[in-house]
Amino acid sequence: QPPAPQFLYKGRINLGNLQRAILEETVTHKTHFLEVGQEVAGFKVLDIAENRVLLSDVKTNKEIVVSVAEKKAP
């Protein structure tokens, strides 16, 4: 069984009443723009906040929190 994907929370976009989280998979570096209820890599988005995203493993229902990524200094 492959390891659970790890994500970086890059930020949030507000489109009217819609919110989308920008999540990047750390292994593949794929970027996803996700709304609450959408799934990515076996995880469902439960909640989007300014500083974190709450995901749920669709198989085990285990919840994980992805905190906002630290900005690296130039």
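Note that this is a predicted model, so its numbers are computed, not measured. All residue numbers refer to position in the chain's written sequence, counted from 1. Reporting of local features is limited, given that this is a predicted model, to residues whose pLDDT is at least 70; pairs of side-chain atoms are given and counted only at 80 or more, and all residues count toward the totals for whole chains, interfaces and linings. The side-chain values count all of the structure's non-hydrogen atoms but skip hydrogen atoms and water molecules.

Peer 1: Looking at this structure, how should I read unusual backbone geometry?
Peer 2: Negative phi characterises most residues that are not glycine, and trans characterises most peptide bonds. Even without being a glycine, A41 presents a positive backbone phi close to 50 degrees. Exposure classes here rest on a 1.4 Å probe applied to the protein chains alone. A residue is buried below 20% of its type maximum, exposed above 50%, and partly exposed in between. Classification of A41 by relative accessible area gives partly exposed; the value is 38%. A positive phi angle, near 65 degrees, is found at N61, a position not held by glycine. Only DSSP runs of H or I with at least four residues qualify as helices, and only runs of E with at least two residues qualify as strands; both kinds are numbered from the N terminus onward. Among the secondary structure elements, N61 is positioned in the loop between β6 (52-57) and β7 (63-67).

Peer 1: Teacher, can you tell me more about the environment of R20 here?
Peer 2: Along the chain, R20 falls in strand β2 (residues 18-25). Since its relative accessible area comes to 28%, R20 is described here as partly exposed. R20 sits 13 residues away from F33 along the chain, and the two C-alpha atoms are 5.8 Å apart. Residue contacts are counted whenever heavy atoms from the two residues lie within 4.5 Å of one another. Non-local contacts of R20, meaning those with residues more than four positions away in its chain, are made with G11, R12, I13, L15, F33, L34, E35 and I48. Within 3.5 Å is the distance limit for a polar contact, defined as a pair of N or O atoms, with the added protein rule that one can donate a hydrogen and the other accept it, and that residues adjacent in sequence qualify only through two side-chain atoms. Within polar-contact distance, the side chain of R20 engages the side chain of E35 at 2.6 Å.

Peer 1: Any chance you could explain the pairing of strand β5 (residues 43-48) here in plain terms?
Peer 2: Within a regular strand, the side chains alternate between the two sheet faces. Of the strand pairs in this sheet, strand β4 (residues 39-40) and β5 are connected by two bridges, and their pairing is antiparallel. The residue bridging E39 from the neighbouring strand is K44, located in β5. Any two strands with at least two DSSP-identified bridges between them are counted as paired. The antiparallel pairing of β4 with β5 creates a hairpin that spans two residues between the two strands, and A41 there sits at a positive phi of about 50 degrees. Pairing of β5 with β6, which is carried by five bridges, proceeds in the antiparallel orientation. Its bridge partner lying in β6, K44 is registered against S56. Connecting β5 to the next strand, β6, in antiparallel fashion are three residues.

Peer 1: I'm lost on the side chain of E24 in this one. Help?
Peer 2: Turning to its location among the elements, E24 is positioned in strand β2. Of the residues examined, E24 reaches a relative accessible area of 14% and is grouped as buried. In this structure, E24 is in contact with Q6, F7, L8, K10, H29, K30 and T31, ignoring residues within four places of it in sequence.

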